Amino acid sequence: MSEVKISAETRSEFGKGAARRIRRASKVPVVLYGHGTDPLHLTLPGHELLLALRTPNVLISLDIDGKSNELAIPKSVQRDPIKGFLEHVDLLLVKRGEKVTVEIPVHAEGELAAGGNLLEHVLNALPVEAEATHIPEALTVSVEGLEAGASIHAKDIALPSGVTLAVDEDAVVLQVLAAQAEEAPAGEAEGEEEAAEA
C-alpha cells in the first residue's frame, strides 16, 4: 500500500469565509480526528491531496507545521458537485499496527458465460478490517464463465494475509443476471391504447 507524505499547516480561522479563502489559495480545509484526541483543524495543498485521494484508502503521512508527523486515512471527502474540486476532507488518525475498518473496491475480471448476461455489483466495495499500514488498494474477483443466477459472496473473495471481513460472510458482492428481452417502447403502447379509446 502506498504512503503519501503531505505537509500540513494548522489553521485557526473557521467558517465559510475562511474556507473560501483557503480554497482560493489552492488549499483544502481538513479535520484530523481519532484516538480520543481533540479534532485538529488543518490546511493541506489541494493538488497534492487530490492526487493522493486517487488511491482508495490511501495512507497519508502528515508533516504538521514541521513539528509532528501523524498517519491518517481519508474518512469523508466533500467535492464541489459541478467542478469536482475538493471542498473539505475528514481524516482519521491511525497508528502503525492498528486495525481499521475500511471499504476496499472490488474489481471483476474475466468474461461471463455466453448469452448476453449482465454482471451486477451488489457491493462496489467490501468492508474489511486491516492493519492501517497494510490496507489493500483493491480486491480482484474472477467471473470467468459464470452463468445467469450465479453469485459471489463475501466469503468467496480471497483476502490478503491479515485482512478479515467486516461484513456477513454470506453477503452477496456480485451476481450474474440473465439478459432481459427488450420491451416495446412505452410511447407506442400508449398510442395504441389512445387509438382504442377513440
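Details of the structure are given in the entry above.
As the structure is a computational prediction, the values presented were derived from the model and not from experiment. (Residues numbered from 1 in each chain as written. Predicted model: local features only at pLDDT ≥ 70, side-chain atom pairs only at ≥ 80, totals over all residues. Heavy atoms only, no water.)

**Student:** Honestly, the overall build of the protein in this entry has me stumped. Any pointers?
**Tutor:** Of regular secondary structure, the protein possesses 3 helices and 13 strands. Here the protein, with 198 residues, has 34% of them falling under the buried criterion. Considering only intrachain contacts with a sequence separation of at least 6, the fraction spanning at least 24 residues in the protein is 63%. Surface summary for the protein: the accessible area is close to 11700 Å², and the carbon and sulfur share equals 48%. (Helix = DSSP H or I, 4+ residues; strand = E, 2+ residues; numbered from the N terminus. Buried < 20%, exposed > 50% of the residue type's maximum accessible area, 1.4 Å probe, protein only. Contact = heavy atoms within 4.5 Å. Areas by Shrake-Rupley, 256 points an atom, 1.4 Å probe, with all protein chains shown as cover.)

**Student:** Help me understand the pattern of salt bridges, please; the structure alone is not making it clear to me.
**Tutor:** Side chains carrying opposite charge are able to pair once their charged atoms draw close together. As enumerated under the stated definition, the model contains 2 salt bridges in all. A salt bridge links Lys 27 to Glu 9; its shortest N-O distance comes to 3.3 Å. A residue pair is termed long-range when its members are at least 10 positions apart, and Lys 27 in strand E2 (residues 27–34) and Glu 9 in strand E1 (residues 3–10) qualify at 18 residues. Here Lys 155 and Asp 170 are joined by a salt bridge, their closest N and O atoms 2.8 Å apart. Of this pair, Lys 155 sits in the loop between strand E11 (151–153) and strand E12 (164–165) while Asp 170 sits in the loop between E12 and strand E13 (172–177); the two residues are 15 residues apart in sequence, bridging distant segments of the chain. Exposure remark for Lys 155: the relative accessible area of 46% places this residue in the partly exposed category. Look at Asp 170 and you get partly exposed, because its relative accessible area is 39%. (Salt bridge = Lys/Arg side-chain N within 4 Å of Asp/Glu carboxyl O.)

**Student:** Any chance you could explain the sheet that holds E13 here in plain terms?
**Tutor:** By definition, the strands of a sheet pair up through backbone hydrogen bonds, in either a parallel or an antiparallel sense. Spatial ordering of the open sheet is given by E8-E13-E11, a layout of 3 strands whose pairing is antiparallel. Here the strands that pair on one side only, and so sit at the sheet edges, are strand E8 (118–121) and E11. With direction set aside, neighbouring strand axes in the sheet form an average angle of 15°. As defined by bridge partners, E8 adjoins E13 across 4 bridges and the pair is classed as antiparallel. Within E13, the position partnered with Glu 120 by the bridge is Gln 175. (Pairing = 2+ DSSP bridges. Axes fitted to C-alpha atoms, helices over the stretch in contact; angles between N-to-C directions.)

**Student:** Is there a simple way to explain the environment of Val 173 in this structure?
**Tutor:** Here Val 173 shows up in strand E13. Along the backbone, Val 173 and Val 122 are 51 residues apart, and their C-alpha atoms lie at a distance of 5.1 Å. Apart from residues no more than four positions distant in its own chain, Val 173 is found in contact with Val 106, Glu 120, His 121, Val 122, Leu 123, Leu 126, Ile 152, His 153, Ala 154 and Ile 157.

**Student:** Just to check I follow, could you spell out the sheet that holds E12 for this structure?
**Tutor:** Within the open sheet, the 4 strands sit side by side as E10-E7-E9-E12. Their pairing is mixed. Of all strands in the sheet, those bounded by a partner on one side alone are strand E10 (139–142) and E12. As defined by bridge partners, strand E7 (residues 99–109) adjoins strand E9 (residues 125–131) across 7 bridges and the pair is classed as antiparallel. Its bridge partner lying in E9, Val 102 is registered against Val 128.

**Student:** What am I meant to see in the side chain of Arg 11 here?
**Tutor:** Here Arg 11 lies in the loop between E1 and helix H1 (16–24). Buried and unpaired, Arg 11 has no salt bridge, with Asp 90 as the nearest side chain of opposite charge at 7.2 Å. Within the local environment of Arg 11, its side chain forms a polar contact with the backbone oxygen of Val 30, the two atoms lying 3.4 Å apart. (Lys, Arg positive; Asp, Glu negative; His and termini not counted. Polar contact = N/O pair within 3.5 Å; in protein donor to acceptor, adjacent residues only side chain to side chain.)

**Student:** What exactly am I supposed to notice about the nonpolar core here?
**Tutor:** Note on soluble globular proteins: their nonpolar side chains tend to be buried together. Grouped together as the largest cluster of nonpolar side chains are 23 residues, with contacts concentrated most on Ile 73 and Leu 126. Counting residues per element, the ones that place at least two in this core are strand E5 (68–79), strand E6 (86–94), E7, E9, E10 and E13. No other element matches the 4 residues that E7 contributes to this core. (Core = buried A, V, L, I, M, F, W, Y, C linked by side-chain atoms within 4.5 Å.)

**Student:** Explain H1 to me, please; I cannot follow it from the model alone.
**Tutor:** Residue pairs three or four apart in sequence face the same way in an α-helix, which turns once every 3.6 residues. For H1, the complete set of buried residues consists of Ala 18, Ala 19 and Ile 22. The arc that holds the buried residues of H1, viewed along the axis, is 100°, so those residues lie on one side. Away from the buried face of H1 by more than 90 degrees, exposed residues Lys 16 and Arg 24 are located. Turning to H1, the residues buried within the fold contact E2 and strand E3 (37–45). Within two residues after H1, Ser 26 carries a phi angle of roughly 60°, on the positive side. (Arc of directions from axis to C-beta.)

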